[in-house]
Amino acid sequence: MTTPLLVIVAFVFVSTVVGVIGRGRGTMDVERWSVGGRQFGVVLVWLLMAGEIYTTFTFLGASGWAYSHGGPAFYILAYGTLGYIISFFLLPPVWRMAKRLKLHTQPDFFLARYNSQALAGVAVLIAVVSIVPYLQLQLAGLGMIVEIASAGAITSHVAIVVAFVATCIFVYTSGIRGIAWVAIIKDVAMIVAVVIIGIGLPAMYFGGVGKMFAELMRQHPTHLTFPGATPVMGVRWVVSTVLLTGMGFYCWPHTFASAFSAKDDRTLRRNAIVMPLYQLPILLVFFVGFTALLVMPGLKNPDTALLVLVTRSYPGWFAGFIGGAGAVTAMVPAAMLLLGAATLVAKNLYRPLRRRPVSEQHLMRASRGFMLLIAVAALLLALWSPHELVMLLIFGYDGVAQLFPAIVLGVFARRATVRPVMLGLVAGVLTVIGLIWSGHDPFLGLNAGFVALAVNGAVTLVSMAILDRGALAGAAAPEPEH
Amino acid sequence: MAPAARPADPIGPGWSYRDGAPGGNKAAGRPGDPYAELASSPLGERKVATGRLAHPANGGNIGIVTKRHPVGALILALIPALALVAGLPFVNRVDPTVLGLPFLLAWILGWVLVTPLFLAGAYVLAQPKDGGAGGGADR
């Protein structure tokens, strides 16, 4: 076994063991499995939210876009911050409702708020369809990381299967608590790795970050603004994408539901305050992508830029460390996604569709069963349907952000009812599918998902005015404006 | 209200109900608690446990308890959001560099760094002013 390979295997093994041990004592039920009994304080919630937000995408997608697109990659820094600002106002009331009504999933929220099984069902479908590309992104990234870091000793397919089985083991046994523990390993490893290479690589090749940028601006004067090296991602695209993804940030069922695990609503607000700082690793990843562009232009797959540069610049054991950190960075969000998708399919599709009552133990078994099923589906997709990483993420956001009006009106407009929200949702989803399939993304320079979200919002508000007369007067609540 | 009661009770002092529906269900729980009826009705609790969420007997929607945000908190939070969205068309250039960073990146990064300050300000403004005393005065 080569050195890098040993380090990677050790990482994956230790993480799996920690995840399994992390379950704690006592019997597992859905409340514990999916929301940790709602006992998490600032630290665990922070770890979880960071765990699902800082993903392989942070490692590979951000550096890949810095390398190949330039300026438009900066949207990644902006949208997260916008997402946290919105969450500051949005999550605490959602949490209070979840707590009182014992909600576990995002469709539970729709069911409780809008009293509509149909809306909850549609939310499950949108969520699962959006989660699968996101999960696929994590797996594809993981395969790429391990293959390159191990210098080809492990092929990407083998890596994907092995690491994913390990992930399934600790999600199956330990649920969200196990994930939070593995997230500790992941966060420490990722930050150490990114700080070392983000500062080290520009210094190694150019003698510092400032000098690297000076050289980049000399060689590629337009690379660091919008639209950078792309033909279509101008200012309009960036602004609309930041809005779309910022609003979609907490619409993901797994991020939405991770708020439920907080022990009080202040925890969520304090989290929103500090989270923007946790985006700084992304900046360092940009540095690596830019350095890679100058050092080795013309890579066939820009998503590999960071890894190729690392293996070329550092000794084998360090490449192994990056590979291991990268693998765990994919495993934690994949675990969150699996857990989220499984819980909502079991609770919000399977249980309502069965005519007979379903016991808690039965539901727990069903959740685990669906987890394995979704895992296999994503695995097959990851092995046979490759895609550029950032585009997978943006497709997911296109879909899931359509839930935003339903969530915001649900929280802040007491009189919003199910029909207008449903109409808007359907209009938004149809718009986004139509635009992407007909090749109109971007549309008039705007992100297609954003156009669809605007249609969605307009249809919702207009039909509210028509269907529920007087509703708009009640909706003049203090909404977080964007 | 004893200060110690607060952490366990999210609907504590300083929280208010947007629909302002106090009374009517006092017998069922806290005054003005929109869930009281639901949580305490035998139907409600049982239905929650089986996953079919119950609803108030009148069939209406369940309102969410939203905390009143002072306008100041909203404005404070809006500033970085605007800078990061509406500000972008005006800063789309590399000059002047700031600490070696191209201007566009420096602008975005700067706002990411100060957003916690704005949100911390909003947090302070959104806190109940009573500081633990005079609980429920706000209702």
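Residues numbered from 1 in each chain as written. Chains lettered and ligands numbered in written order. Predicted model: local features only at pLDDT ≥ 70, side-chain atom pairs only at ≥ 80, totals over all residues. Heavy atoms only, no water.

**Topic: empty space enclosed by the protein**
Residues and elements named next belong to chain A. For clarity, the cut-off: In this analysis, the protein atoms alone were mapped onto a 1 Å grid. Cavities are point sets where a 1.4 Å probe fits without being able to get out; pockets are open sets with protein on both sides within 12 Å along at least five of seven lines; lining residues have an atom within 4 Å of a point. Grid points are joined across faces, edges and corners, and a volume is the space filled by probe spheres set on the points. The numbering of helices and of strands both runs from the N terminus, where a helix is a DSSP run of H or I of at least 4 residues and a strand a run of E of at least 2. Any residue that is not Ala, Val, Leu, Ile, Met, Phe, Trp, Tyr, Cys, Pro, Asp, Glu, Lys or Arg is counted as polar, Gly included; the first ten are nonpolar and the last four charged.
Per the counting criterion, the structure on display carries six cavities of 30 Å³ or more. Reported here for the second largest cavity is a volume of approximately 100 Å³. What lines the second largest cavity is a set of 14 residues, and nearest its centre among them are Ser34, Ala257, Leu339, Gly340 and Thr343. Listed by contribution, the elements that provide at least two residues to the lining of the second largest cavity are helix 11 (253-258) and helix 15 (316-353). Ranked by residue count, the leading element in the lining of the second largest cavity is helix 15, at five residues. The residue makeup of the lining of the second largest cavity, split by class, is six nonpolar, eight polar and no charged.

**A word on the confidence of the model for chain A**
All names here are of chain A. The condition is simple: For every residue, the predictor states its confidence as a pLDDT score lying anywhere from 0 to 100. What makes two residues a contact is simply this: any of their non-hydrogen atoms within 4.5 Å.
Per-residue pLDDT for chain A averages 84, and the proportion of residues at 70 or more is 93%. Per-element mean pLDDT across chain A ranges from 43 in helix 21 (residues 471-474) up to 92 in helix 13 (residues 280-295). Long-range and interchain partners of residues 471-482, a stretch whose pLDDT sits below 50, account for 25 contacts in this model, where long-range means more than four residues apart.

**Describing a nonpolar patch on the surface**
Stated formally: In this scheme, patches are assembled from residues that exceed 30% relative accessible area and form no salt bridge. Like charges are connected within 9 Å, while nonpolar side chains (Val, Leu, Ile, Met, Phe, Trp, Tyr) are connected within 5 Å. Areas reported here follow the Shrake-Rupley algorithm with a probe of radius 1.4 Å; residue values treat only the protein chains shown as occluding. Only one rule defines a salt bridge in this text: a Lys or Arg side-chain nitrogen within 4 Å of an Asp or Glu carboxyl oxygen.
Judged by side-chain polarity, Phe13(A), Val14(A), Val17(A) and Ile21(A) come together as a nonpolar surface patch covering roughly 400 Å² of accessible area. Note that Phe13(A) resides in helix 1 (residues 3-21).

**So, the pattern of salt bridges**
All names here are of chain A. Rules: Burial status follows relative accessibility: with a 1.4 Å probe on protein chains alone, a residue under 20% of its type maximum counts as buried, one over 50% as exposed, and anything between as partly exposed.
All chains considered together, the criterion is met by four salt bridges over all chains. Between aspartate 108 and lysine 347 there is a salt bridge, with the nearest N and O atoms lying 2.6 Å from each other. Pair noted here: aspartate 108 is in helix 6 (residues 106-114) and lysine 347 is in helix 15, with a separation of 239 residues, a long-range link. A single burial state applies to aspartate 108 and to lysine 347, both of which are buried.

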